[in-house]
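Tertiary structure, described
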Amino acid sequence: MSYTETKSGQNDIGQDLPDFPSGPLESYRNKSSFNWKEMVKFLDGEEIFAFKLKVYKALENDPLFARQPGEDVSLERQREINFQRCKQLFKYNFLTVQEVMENPFKMSALSECLGMYDWSLSGKYFLNTGMFGASVANSGSTRHGKFLKDAEDMVIFGCFALTELSHGSNTRALRTTAKYDPNTQEFIINSPDFEAAKFWVGNLGKTATHALVFAQLFTPDGLCHGLHSFVVQVRDPKTLLPMPGVMVGDMGKKIGQNGLDNGFAVFHNVRIPRENLLNKTGDVTPEGRYVTPFKDPNKRFGASLGALSGGRVSITRMGVLNLKLAVSIAIRFSATRRQFGPKDGEEIPVLEYQLQQWRLIPYLAAAMALDHLSKSLFTNLMELQIGLMMKDTSDRQAELGREIHALSCASKALASWTAQHGIQECREACGGHGYLASKTKGN
């Protein structure tokens, strides 16, 4: 089937993707043994390619997104303009819920497009719509529909509060508590001490009004039923002032992604309605009795872990894309940069030297391998989330949650380390030019 036949109103991929202009890379491109446009189609698929093109063109034509890499901008201005750009994305509404349901890979593609532009923007947008919104949708029920609608309309702005000052990956040891009071039918959210403060929460520093808080659920009989998630209002949407009992603040300037306001929160006996508990894997009756469709607590915990894995899969993808960017820049530079050569002859592109090839080509291969891994994990994650939506309590569903948790933890580290080492190699392979802020290899 041709590209024209796959989606109505779309042109042939060769027409949508123009040829590169003539230049110093032309001689290498002419030596290619394959059609690069067909490669684009193979890697992304025709529908995803068309979607990416739509996003890129919109950003390129909008003056709000004009910027110069490496420009000096104050921290407050970075936060301000990043939020303005985030609001603009809501106006563009690149993806409807229906489109995400039809092709979940479009959500990953949108994150990729925004990340190629600025990971601060991608993080700010998807922490609200993805980590907050999608988690409420996948782990909650119909009673949480208002939170979803308000998040989509930017009436509220969400964040994902899992990590604490003293605990991160060890989720069983998180210490924030949610104790149920049957007299008022409310949960009391509390941080026992500062080490239990929610830390490094994206969007929480300045703009989040609501947080998806993970806490240990206690019923009136004193039993702890493990980690559950709760929607907690942390700021007044109109004034952005903290709610009573909530101490919230900004983490301050970071070494990168300063457009994203990472923050912390400490809760002092903050009361929330019973209905704010996301109840897909467990609920509490008005009288205070805990109910769950899972007979085995480990299966319930496994299902919950799978729901938490979306962030790790996204970070895996971030590592892949950052490596892709660095390798593309370094290889193109090496193909145009000439040094030494035969006497009275042309100098040789540094890409022809074996040392340069040994430095760069393995990371090109790694980028392609990790690209496949990250897409495969995303497919598994979508399967898990569909199971959660369908209230699947089978052994396979619980096992899938545990497996995705383990694989995403490993892939996050693998992709991050590989990208870190690869980007440094690319930076050095470009010589002094690799240290220019305009090359974007420092952020």
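Predicted, not measured: the structure shown is a model, and the values here were computed from it.

1. Examining the nonpolar core
Ranked by internal contacts, the top residues of the largest apolar core, which has 25 residues, are F187, I189, L204, F230, V232 and F267. At the level of secondary structure, the elements contributing two or more residues to this core comprise β1 (158–161), β2 (177–181), β3 (186–190), β5 (210–218), β6 (224–233), β7 (246–250), β8 (262–267) and β9 (270–273). When residues in this core are grouped by element, the largest group, four residues, is from β5. Leave out the neighbours within four places in its chain, and F267 touches I189, N190, S191, K198, V213, V232, V234, G245 and V246.

2. Describing the pairing of β5
Counting buried positions along β5 yields eight of nine residues, so the element is predominantly enclosed. Alignment of β1 against β5, held across four bridges, turns out to be parallel. Bridging across to β5, C159 finds its partner in A211. By the bridge criterion, three bridges tie β2 to β5 in an arrangement that is parallel. Bridge pairing links T177 to Q216 in β5. Bridge count between β5 and β6: eight bridges; the pairing is antiparallel. The residue bridging L212 from the neighbouring strand is V231, located in β6. The turn joining β5 and β6, which pair antiparallel and follow one another in sequence, is formed by five residues; a positive phi near 90° is taken by G222.

3. Points about the pattern of salt bridges
On inspection of all chains with the given rule, the structure shows 27 salt bridges. Of the charged contacts, one joins R317 and E112 as a salt bridge, the two residues approaching to 3.0 Å between their closest N and O atoms. On the criterion of sequence distance, the pair formed by R317 in helix α12 (residues 310–336) and E112 in helix α8 (residues 105–117) is long-range, its members being 205 residues apart. There is no split in this pair, since R317 and E112 are both buried. Two residues, R271 and D181, come together in a salt bridge whose shortest N-O distance is 3.1 Å. Taken as a pair, R271 in strand β9 and D181 in strand β2 lie far apart in primary sequence, 90 residues in all. With a relative accessible area of 13%, D181 lands in the buried category. One salt-bridge network, in which partners are shared between bridges, spans D44, K52, E112, R317, K324, D371 and K375.

4. Topic: a nonpolar patch on the surface
On the surface, F34, M39, F42, L43, I361, L364 and M368 cluster together to form a nonpolar patch covering roughly 630 Å² of accessible area. Those elements giving two or more residues to the nonpolar patch turn out to be α4 (36–44) and α13 (354–389). Mapped onto the elements, M368 comes out in helix α13.

5. Examining the sheet that holds strand β4 (residues 198–202)
In spatial order, the strands read β4-β8-β7; together these three strands make up an open sheet with antiparallel pairing. A strand with exactly one partner marks an edge of an open sheet, and here the two such strands are β4 and β7. Each neighbouring strand pair of the sheet contributes to a mean axis angle of 30°, computed without reference to strand direction. In the sheet, β7 pairs with β8 via five bridges, with the strands oriented antiparallel. Note on β8: the bridge partner recorded for V248 is A265.

6. Notes on the side chain of N103
Of note, N103 is situated in the loop between α7 (97–102) and α8. Given the relative accessible area of 14%, N103 is considered buried. Not counting chain neighbours up to four residues away, the residues in contact with N103 comprise E47 and I48.

7. Points about the packing of helix α9 (residues 119–139) against helix α10 (residues 145–152)
Any two packed helices are characterised by how steeply their axes cross, that is the angle between the axes, and by the distance between the axes. Remark: α9 packs on α10, axes separated minimally by 9 Å, with the N-to-C direction vectors making an angle of 160°. Accordingly, the angle class assigned to the pair α9 and α10 is roughly antiparallel. Our pair here, α9 against α10, has a crossing hand that is left-handed. Here N128, F132, G133, V136 and A137 of α9 come into contact with α10, specifically with F147, L148 and A151. Residue composition of the contact of α9 with α10, grouped by class: six nonpolar, two polar and no charged.

8. Considerations on the side chain of H225
Along the polypeptide, H225 turns up in strand β6. Excluding its chain neighbours within four sequence positions, the residues that come into contact with H225 are L217, T219, Y290 and R300.

9. Topic: the environment of I331
Checked against the element boundaries, I331 lands in helix α12. When residues no more than four places from it in sequence are discounted, the contact partners of I331 are L351, L360, I361 and L364.

10. Some words on α4
N-cap assignment for α4: the residue whose side-chain oxygen lies 2.8 Å from the backbone N of K37 is N35. Positive backbone phi, approximately 85°, marks G45, located one or two places after α4.

Rules used throughout
- Residues numbered from 1 in each chain as written.
- Predicted model: local features only at pLDDT ≥ 70, side-chain atom pairs only at ≥ 80, totals over all residues.
- Heavy atoms only, no water.
- Core = buried A, V, L, I, M, F, W, Y, C linked by side-chain atoms within 4.5 Å.
- Buried < 20%, exposed > 50% of the residue type's maximum accessible area, 1.4 Å probe, protein only.
- Helix = DSSP H or I, 4+ residues; strand = E, 2+ residues; numbered from the N terminus.
- Contact = heavy atoms within 4.5 Å.
- Pairing = 2+ DSSP bridges.
- Salt bridge = Lys/Arg side-chain N within 4 Å of Asp/Glu carboxyl O.
- Patch = residues over 30% accessible without salt bridge, like charges linked within 9 Å, V, L, I, M, F, W, Y side chains within 5 Å.
- Areas by Shrake-Rupley, 256 points an atom, 1.4 Å probe, with all protein chains shown as cover.
- Axes fitted to C-alpha atoms, helices over the stretch in contact; angles between N-to-C directions.
- Parallel < 35°, antiparallel > 145°, perpendicular 65-115°, else oblique.
- Left-handed = near helix turned anticlockwise from the far one by under 90°.
- Nonpolar A, V, L, I, M, F, W, Y, C, P; charged D, E, K, R; others polar.
- Polar contact = N/O pair within 3.5 Å; in protein donor to acceptor, adjacent residues only side chain to side chain.

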